[in-house]
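Chains, contacts and geometry: an overview
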Amino acid sequence: MGFLDITRATKSYGALKVLHETDISVEEGEFLVLVGPSGCGKSTLLNMIAGLEEVTSGDIAIRGRSMKGVKPADRNIAMVFQSYALYPNMSVRGNISFGMEMHGIARPERERRIAEVAELLQIGQLLDRKPGQLSGGQRQRVAMGRALVREPDVFLFDEPLSNLDAKLRVDMRTEIKKLHQKLGTTIIYVTHDQIEALTLSTRIAVMYDGHVQQLGTPREIYDNPANMFVAGFMGSPSMNLFPARVVAGRDGPAAEIVLAGGGSAQLPFAQGRMTDQVGREIVLGIRPEAITDRDGADRNSRAVHEVEALVEITEPAGSDTFVATQIGGRDVTGRLRADVQVAAGQRFSFAFNMEKAVAFDPRTERRIG
Amino acid sequence: MMPGVSMDNPVAARSRGFSPGRIVLYLILGLFCLYYLLPLYVMAVNSVKPLSEITSGGMMSLPDEWTLAPWRAAWSQAQVGVEATGLRPYFMNSILMVVPAVALSTIMGALNGYVLTKWAFRGSTVLFGLLLFGCFIPFQMVLIPMARMLGLMGLAGSVAGLVFVHVVYGIGFSTLYFRNYYAAFPTELVRAAQIDGAGFFRIFWRILLPSSGPIAVVCIIWQFTNIWNDFLFGASFSDFDSQPMTVALNNLVQSSTGVREYNVHFAGAIMAALPTLLVYIVAGRFFVRGLMAGSVKG
Ligand SMILES: Nc1ncnc2c1ncn2[C@@H]1O[C@H](COP(=O)(O)OP(=O)(O)OP(=O)(O)O)[C@@H](O)[C@H]1O
Ligand SMILES: [Mg+2]
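As the structure is a prediction and not an experimental result, all values here were calculated from the model.

Brief notes about the overall build of chain B
Helices and strands together make up the secondary structure of chain B, namely 14 helices and 0 strands. The order of α-helices and β-strands along chain B, N terminus first, is α-α-α-α-α-α-α-α-α-α-α-α-α-α. In chain B, buried positions account for 40% of the 298 residues. Considering only residue pairs separated by 6 or more positions, chain B has 68% of its internal contacts joining residues 24 or more positions apart. Carbon and sulfur atoms provide 71% of the accessible area of chain B, an area that totals close to 16,800 Å².

Points about the packing of aromatic side chains
All names here are of chain A. All chains considered together, the criterion is met by 28 aromatic pairs over all chains. Between the NZ or CZ atom of Arg146 and the centre of the ring of Tyr87, over which it lies, the distance is 4.8 Å. Above the ring of Tyr222, the side-chain terminus of Arg287 is found at 3.8 Å from the ring centroid.

Focus: the side chain of B:Asp230
Residues and elements named next belong to chain B. Mapped onto the secondary structure, Asp230 falls in the loop between helix 11 (213-229) and helix 12 (232-237). Of the side chains with opposite charge, Arg148 lies nearest to the buried Asp230, which makes no salt bridge, at 21 Å. A distance of 3.2 Å separates the side chain of Asp230 from the backbone nitrogen of Phe233, its partner in a polar contact. Leave out the neighbours within four places in its chain, and Asp230 touches Phe139, His166 and Thr246.

Considerations on the confidence of the model for chain A
For chain A, mean pLDDT is 91; residues scoring 70 or higher make up 100% of the total. When mean pLDDT is compared element by element in chain A, strand 3 (residues 31-35) of chain A scores highest at 96, while helix 5 (residues 166-183) of chain A scores lowest at 89.

A closer look at the pattern of salt bridges
Two side chains with opposite charge may pair up if their charged atoms get near one another. Residues and elements named next belong to chain A. According to the stated counting rule, one finds 27 salt bridges over all chains in the structure shown. A salt bridge links Lys11 to Glu53; its shortest N-O distance comes to 3.8 Å. One end of the pair, Lys11, is in strand 1 (residues 4-13); the other, Glu53, is in the loop between helix 1 (42-50) and strand 4 (57-62), with 42 residues separating them in the sequence. An identical accessibility class is assigned to Lys11 and Glu53; each is buried. Among the ionic pairs, Arg112 bridges to Glu109, the shortest N-O distance being 3.0 Å.

Structural notes on the sheet that holds strand 12 (residues 252-258) of chain A
Residues and elements named next belong to chain A. One open sheet accounts for 5 strands, arranged 13-12-11-14-21; its pairing is antiparallel. Across the chains shown, the open sheet's two edge strands, defined by having one partner strand only, are strand 13 (264-268) and strand 21 (358-360). On average, each strand axis in the sheet is inclined to that of its neighbour by 45 degrees, with strand direction left out of account. Bridge count between strand 12 and strand 13: 5 bridges; the pairing is antiparallel. Its bridge partner lying in strand 13, Glu256 is registered against Gln266.

Concerning the interface of chain A and chain B
For interface size, the figure often reported is the accessible area lost on association. Between chain A and chain B, the contact holds 26 residues from the first and 15 residues from the second. Where chain A abuts chain B, roughly 1,700 Å² becomes buried across the two surfaces, and 59% of that area is made up of carbon and sulfur atoms. Run the count over chain A and chain B and you get 3 salt bridges. Linking chain A with chain B are 9 residue pairs in polar contact (both at pLDDT 80 or more), by the criterion used here. Sort the elements by how many residues they give to the side of chain A that touches chain B and helix 2 (residues 92-102) of chain A lands first, with 4 residues.

Comments concerning the site of ligand 1
Residue and element names in this part refer to chain A. As a matter of local geometry, ligand 1 sits amid Tyr13, Leu16, Val18, Ser38, Gly39, Cys40, Gly41, Lys42, Ser43, Thr44 and Glu159. Between ligand 1 and Gly39, the relevant distance is 2.7 Å, taken from an oxygen atom to a main-chain nitrogen or oxygen of the residue. Interatomic distance of 3.2 Å between a backbone N/O atom of Cys40 and an oxygen atom of ligand 1. For ligand 1, whose unbound accessible area comes to 640 Å², protein coverage reaches 59%. Sorting the residues of the shell around ligand 1 by element identifies strand 2 (16-26) and helix 1 as the ones contributing at least two each.

Remarks on the confidence of the model for chain B
Residues and elements named next belong to chain B. Overall, the predicted model of chain B reaches an average pLDDT of 83, with 89% of residues at or above 70. Of all the helices and strands in chain B, helix 1 (residues 2-16) carries the lowest mean pLDDT, 46, while helix 10 (residues 200-208) carries the highest, 93. Note that pLDDT drops below 50 for residues 294-298; the model gives that stretch 0 contacts with residues more than four away or on any other chain.

About the criteria used
Sequence order as written defines residue numbering, which begins from 1 separately in each chain. Here the convention is simple: chains get letters from A, ligands get numbers from 1, in the order in which they are written. Totals for whole chains, interfaces and linings use all residues, but because this is a predicted model, local features are given only for residues with pLDDT of at least 70 and pairs of side-chain atoms are given and counted only at 80 or more. Just so you know, side-chain values use all the structure's heavy atoms and leave hydrogens and water out. The numbering of helices and of strands both runs from the N terminus, where a helix is a DSSP run of H or I of at least 4 residues and a strand a run of E of at least 2. Burial classes follow relative accessibility: with a 1.4 Å probe on protein chains only, a residue under 20% of its type's maximum area counts as buried, one over 50% as exposed, and anything between as partly exposed. Residues count as neighbours in contact if any of their non-hydrogen atoms are within 4.5 Å of one another. The Shrake-Rupley method, run with a 1.4 Å probe, gives the accessible areas here. Residue values count only the displayed protein chains as cover. Aromatic contacts are taken between Phe, Tyr and Trp rings whose centres are within 6.5 Å, Trp giving its six-membered ring; a plane angle under 30 degrees counts as stacked, one over 60 as edge-to-face, and the others as tilted. A positively charged side chain is recorded as over a ring if its NZ (Lys) or CZ (Arg) lies within 6 Å of the ring centre. The angle to the ring normal must also be within 35 degrees. When charges are counted, neither His nor the chain ends are considered; positive counts come from Lys and Arg and negative counts from Asp and Glu. A side-chain nitrogen of Lys or Arg and a carboxyl oxygen of Asp or Glu constitute a salt bridge if their distance falls within 4 Å. Nitrogen and oxygen atoms within 3.5 Å of one another constitute a polar contact, given that in protein one can donate a hydrogen and the other can accept it, and given that sequence-neighbouring residues count only through two side-chain atoms. Known as pLDDT, the predictor's per-residue confidence is scaled from 0 to 100. Any two strands are treated as partners once DSSP identifies two or more bridges connecting them. Between N-to-C directions, angles span 0 to 180 degrees; the directions come from axes that are lines fitted to C-alpha atoms, helices contributing only their stretch in contact. Put simply, buried area is how much 1.4 Å-probe accessible surface two parts lose in total, over both of them, once they are put together. Here, proximity means that at least one heavy atom of the residue falls within 4 Å of the molecule or strand.

Structure (structure tokens):
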């Protein structure tokens, strides 16, 4: 049993089931990110943990204690909302102190803790202002401060950075990560931004359509996606997914692909993979960084194969150049070094790192190898 | 910068210069203004002149002899109904009626709005619909049932009875105001307060009410004006000693024991109108602001 256990929890609004049976066990000190597209049920699950939404069936337990019938205030959690939800009529100090006041913490202790978080978050000079007089980033800090002073068992974050501009978002992301390393408190964090998920988390739950699609470390999710949804959703630019057929090649099974213009090519799988799948139609998944130029290919890989294909578009992006071609009728993007000479309309020899390739069943979209 | 400058110029020029069209416009507006102010002028000048000046045909002219006697008479000496008490006791009745009625209907409307938006329950929309329906039932329809209810409750013919009637009638409107205002109030704030450990009433007092200033002003002005000016309920449900100002004013004008003292009537009428005027002047600034709130973000 973990620190926070979600056991077969579901949520329905009338006949509408928005969260299907979910099992997640969070260890103390973990940074769990719930990620998924809009409407997939992330906030719902977070609100169930907070006690703001009732659990329709199943249970949620913190430190082994079932949270059934326990009010949000008595769960020893703190939450940071997307809109920050600062009380507009109270000063920053009032906002931070309100929760402690409600929990009957004496004034001197409140003052001490306010001073402490003000120091930690560098909001000391803002304490007497109203939320309306703060910038977005400052509001975000105050919202964090309000959560921090509670010294909770679990922090719940619901898209805390999505209202910030791009630069500030990156800065605050780093700060949240630092804060987690410093305090070591368990955090459950909702976002629809897969980069945030990958950079912050110790574990990720990828959600879609009310189901947890995959639960794992960022590395597992990135390298070994459980299905095509996870493969396509995590990573940017997203994983290339294109149809292929498993054939018996010279040195074992290979993926036969159709190139733009009608030709075909074979990409042998890495040693020992897909041996029992010969003849099967699959969807092959390869991330852009595993499709490179010859010199940019991973030297440690023992399954790099080159295929010549027509370049359709090149997109220089400073450090890399993204190059698109077509395989099996799908756009496929490769990530080349910036100084590679390549132009649209040319043929170019792409190096595929098949150690990083994954295969899915085209019908069930599940991972097969 | 350049587009901003060129955008500003025509506006500035227009507001500084006085084109012929504008002068005509202001003239017309000024005439309208005078026209609307005329009744008030007539009331005011005639309430400070002796009766003889009015009866001799000088309705529109300023008094030759200025006097406050009509005001004193209307306030404390004139014959209202059977006794010569002036309007003072009835003014007090109206105050005793309007203050609790406005306070109660506003607070209950605020609570209703809070529950209907932030603690919605099965059937809350239907309930709100019924409350709204209550706003639009004509007064006349409820007179007889209400009289019976007041009788059963032992409130017939008392100021408390009038307070009750006005609160019941006012709740529909005050709920409408607050519900619409609170619908735009972020629910996340309520959730944050719940997590912070505040309960139902604490969230209301500490989080919602402090942000309700504009709508509370709208509601108070609305209720005050309606309840103070009400005649029908006052005439139907009060006794001689619990009559509100509006009914007493009517009695003052109607009690014809001799000559009609127009100057006293005018003074009485102004007295009856003063409180609503005062409320509007003091709080009116917020009125427009409150009516706009919610429709415009920010
Ligand atoms: N009160 C409700 N009644 C009915 N359906 C609801 C209710 N609240 C949420 N839903 C539905 O539940 C689903 C999940 O909503 P949720 O807010 O958890 O999404 P989310 O993953 O947080 O999305 P976002 O990224 O947009 O915040 C949505 O399809 C939504 O329409
Ligand atoms: Mg959400």
